[in-house]
Amino acid sequence: MKGVRVDPERREVRLLMKQVSFAGARVLDIGTGNGRLASRLSSWIHSVTAVDLSREELRQAYDRKRLDKIGHFAVADASHLPFRDGSFDIALFSWSL
Amino acid sequence: MHALCEAYRILTVSGCVIDIRPFFPGSMSSPTELSQKVFCVTEEDKIFVGTLMRDFTKFYFADLVIDKTIKDNNFLTTYDTNFVFRYYLDSTEVFDRYRANCWDKASLGPLETKRLNLLMENNSKAIIQVDTPVQIRVLKKQ
């Protein structure tokens, strides 16, 4: 939303970078919303699959340029994920669990 | 918590879950009392205005279920910390829209609203800052 800056200091990502190895990781962003966090991690990860029940929010994530080349998007229910066992290195729940 | 069970399934052997959620101090008596503090930030000062009233019940009770699920589903907590997650909003109009659309219609008390409006009117370059206590946990698949 215009006029809003969300964690511009990048505190969230800086804390995560100290604890998690994102280099080359395949990330599943469950309940991605508008894709904000996935977008911020995009420089370090191999790929991100963003899922959400809301098509509208998923559309916002889809439109983020940083997710252009590495992003995959799917409408899906977190309790019935349409992916094979062992497909991802990181499962990300940002305000969605 | 079936979502965590699914997360366990789709993760590789050495995979992990990252869970980011609002932080509820143990001493809280009510799940809606999460302290989301509102400030007016002017060129000279940062002025505390009040606390947003927002229903975080779903997260509070999810916390209780998640702890049990973690044990049942063989996750090990390798990292657990809290920090202040910050939002900056350029005007009271943006603040109202964001609360309505993104924060479950969270509200500020009438006196606090009046105070915020006055502060923003009297300081042309002022912005609104909202601080939310947030928890990050990393859960390693076992």
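Reading the values: rules and limits
- Residues numbered from 1 in each chain as written.
- Chains lettered and ligands numbered in written order.
- Predicted model: local features only at pLDDT ≥ 70, side-chain atom pairs only at ≥ 80, totals over all residues.
- Helix = DSSP H or I, 4+ residues; strand = E, 2+ residues; numbered from the N terminus.
- Rg over C-alpha atoms; globule rule 2.2 N^0.38 Å.
- Contact = placed C-beta atoms within 7 Å.
- Nonpolar A, V, L, I, M, F, W, Y, C, P; charged D, E, K, R; others polar.
- Pairing = 2+ DSSP bridges.
- pLDDT = per-residue confidence, 0-100.
- Buried ≥ 20, exposed ≤ 12 C-beta atoms within 10 Å, placed from the backbone.
- Core = buried A, V, L, I, M, F, W, Y, C linked by C-beta atoms within 7 Å.

Enquirer: Is there a simple way to think about the overall build of chain A in this case?
Expert: Within chain A one finds three helices and five strands. For 97 residues, the compact-globule estimate of 2.2 N^0.38 gives 13 Å, and the C-alpha radius of gyration of chain A, at 13 Å, lies within 12% of that figure. On the principal axes, the C-alpha backbone points of chain A span a range of 35 × 30 × 25 Å. For chain A, restricting intrachain contacts to residue pairs at least 6 apart in sequence, the fraction spanning at least 24 positions comes to 48%.

Enquirer: Quick question: what am I supposed to make of the interface of chain A and chain B here?
Expert: It is common to give the size of an interface as the accessible area lost on bringing the parts into contact. Tallying the contact residues gives 32 residues for chain A and 32 residues for chain B. The set of elements that each furnish at least two residues to the side of chain A that touches chain B consists of β1 (4-6), α1 (11-19), β2 (26-30) and β5 (88-94) of chain A. It is β5(A) that provides the largest number of residues to the side of chain A that touches chain B, a total of seven residues. A class-by-class count of the residues in the side of chain A that touches chain B yields 19 nonpolar, six polar and seven charged. Both β1(A) and strand β4 (residues 75-89) of chain B contribute to a ladder of three bridges, which runs antiparallel. Considered in β4(B), the bridge of A:Val4 is made with B:Leu89.

Enquirer: It is not clear to me how the confidence of the model for chain B should be interpreted in this structure. Could you clarify?
Expert: Detailed reading of the predicted coordinates is not advisable wherever pLDDT is low. Residue and element names in this part refer to chain B. The predicted model of chain B averages 87 in pLDDT, with 92% of residues at 70 or higher. When pLDDT is averaged over each element of chain B, helix α4 (residues 110-122) comes out on top at 96 and helix α2 (residues 57-72) at the bottom at 74. Across the predicted assembly, pTM comes out at 0.88 and ipTM at 0.93.

Enquirer: Honestly, the pairing of strand β1 (residues 11-22) of chain B in this entry has me stumped. Any pointers?
Expert: A regular strand places its side chains so that they alternate between the two faces of the sheet. β1(B) sits mainly inside the fold: nine of its 12 residues count as buried. Here β5(A) runs beside β1(B); their pairing, made up of six bridges, is parallel. The residue bridging A:Ile90 from the neighbouring strand is B:Cys16, located in β1(B). In this structure, β1(B) lies alongside strand β5 (residues 127-141) of chain B, joined through seven bridges in antiparallel fashion. Bridged to B:Pro22 within β5(B) is B:Val134.

Enquirer: Can you walk me through the nonpolar core in this structure?
Expert: Generally speaking, soluble globular proteins have nonpolar side chains that are buried together. If you look at the biggest cluster of nonpolar residues, it comprises 44 residues, and the most contacted ones within it are A:Ile90, A:Ala91, A:Leu92 and B:Ile18. Non-local contacts of A:Leu92, meaning those with residues more than four positions away in its chain, are made with A:Val27, A:Leu28, A:Asp29, A:Ile30, A:Leu37 and B:Ile18. Counting 15 residues, the second-largest nonpolar core is a separate cluster that includes B:Val49, B:Phe95, B:Ala106 and B:Ala126.

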